Amino acid sequence: MECEQPTIANCLLEICAASLDDLLVAQANGARRIELNSALSLGGLTPSIGLLELAISESTVPIIAMCRPRPSGFCYSPSEYRTLLKDVERSLEAGAAGIAFGVLDCIGNVDEVRCREVVRLVGNRETVFHRAFDLVPDSLEQTRILCHCGVTRVMTSGGQASAFEGKLQIARLVKQFGSQIEILAAGGIRPENMRSFIEATGVSQIHAGPGILRLDSSQPQNPESIRFDAPPPENPAYYREVCGESVARMVRILQDASGV
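Heads up: these notes are all about the structure in this document. All values derive from a computational prediction rather than experimental measurement.

1. Notes on the environment of Arg249
Here's step 1: The residue Arg249 is located in helix α8 (residues 244-258) in this model.
Here's step 2: With 220 residues separating them in the primary sequence, Arg249 and Asn29 have C-alpha atoms 8.7 Å apart.
Here's step 3: Arg249 has contacts with Pro191 and Glu192, leaving out every residue within four places of it along the chain.

Printed below as a string of structure tokens:
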């Protein structure tokens, strides 16, 4: 039986956070789920256990813990994979509602053996195959594999630099697999384009990381010790925070659509 097409009125907003402050701002402004990371400038890595424990103790919404042992690609050595599994174990022990992960083989396909092992380890909590998925050569075939592995949802920009550019492929995934696996759209979704994107793709949930840059007030007084001519985010005197105003705008769009 074909599922009813999701609408903007019942779309869930997940926010990407990299600190306790990020989480508190996101949930105060209406986010319904948090993906917790570290090192967002590197695409997001495993958060520290201290951050994860604090976040879970103060969160009123589900937290998905990123488990990614290093930057760059997703074909992990045996020791890197062991590290990922240990991070999964610790995150679950800390109380994470689910795990975001991605494991590919040497030619860029889903590593089915490792994927199944992670899903078994997570058990009855949620598993999210993150945007490593956007590197696979055949997203339809690889989605079938994720479904067979029992993955809860897949995060994707449709294989493009942004979800808006990949909206046609995301719409295909929703139509073909939406009753078997959740499709979480991510990448460049902003208040300005969110409504039209949801209407064009039929997704029931989106992942966003609306941010602002902050200048660290403790930056060195010695100008020779830091490259001040480098623009953010290359300039290490700057760091990123979740923009509460943008989160609130996105939530308001969804609320207005549902008549809240």
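2. Observations concerning the environment of Val122
Here's step 1: Mapped onto the elements, Val122 comes out in helix α4 (residues 112-122).
Here's step 2: Sequence spacing of Val122 and Leu92 is 30 residues, and the spatial spacing of their C-alpha atoms is 7.3 Å.
Here's step 3: When near neighbours in sequence (up to four residues on either side) are disregarded, Val122 contacts Val88, Leu92, Ile99 and Thr127.

3. A word on the sheet that holds strand β7 (residues 182-186)
Here's step 1: Around the barrel, eight strands lie side by side as β1-β2-β3-β4-β5-β6-β7-β8; this closed barrel has parallel pairing. Neighbour-to-neighbour, the strand axes of the sheet open up by a mean angle of 25°, direction not taken into account.
Here's step 2: Across four bridges, the pairing between strand β1 (residues 12-17) and strand β2 (residues 33-36) is parallel. By the bridge assignment for β2, Ala17 is matched with Leu36.
Here's step 3: Seen against the sheet, α4 touches β4 (98-101) and β5 (126-129) and runs at an angle of roughly 155° to β5.

4. Here we look at the packing of α4 against helix α5 (residues 139-149)
Here's step 1: In contact at an axis separation of 9 Å, α4 and α5 are set at 35° when each is read in the N-to-C sense. Here the hand of the crossing between α4 and α5 comes out right-handed. Of the residues in α5, those in contact with Glu112, Cys115, Arg116 and Val119 of α4 are Ile145, Leu146, His148 and Cys149.
Here's step 2: For the contact of α4 with α5, a count of residues per class yields five nonpolar, one polar and two charged.

Reading the values: rules and limits
- Residues numbered from 1 in each chain as written.
- Predicted model: local features only at pLDDT ≥ 70, side-chain atom pairs only at ≥ 80, totals over all residues.
- Heavy atoms only, no water.
- Helix = DSSP H or I, 4+ residues; strand = E, 2+ residues; numbered from the N terminus.
- Contact = heavy atoms within 4.5 Å.
- Pairing = 2+ DSSP bridges.
- Axes fitted to C-alpha atoms, helices over the stretch in contact; angles between N-to-C directions.
- Left-handed = near helix turned anticlockwise from the far one by under 90°.
- Nonpolar A, V, L, I, M, F, W, Y, C, P; charged D, E, K, R; others polar.

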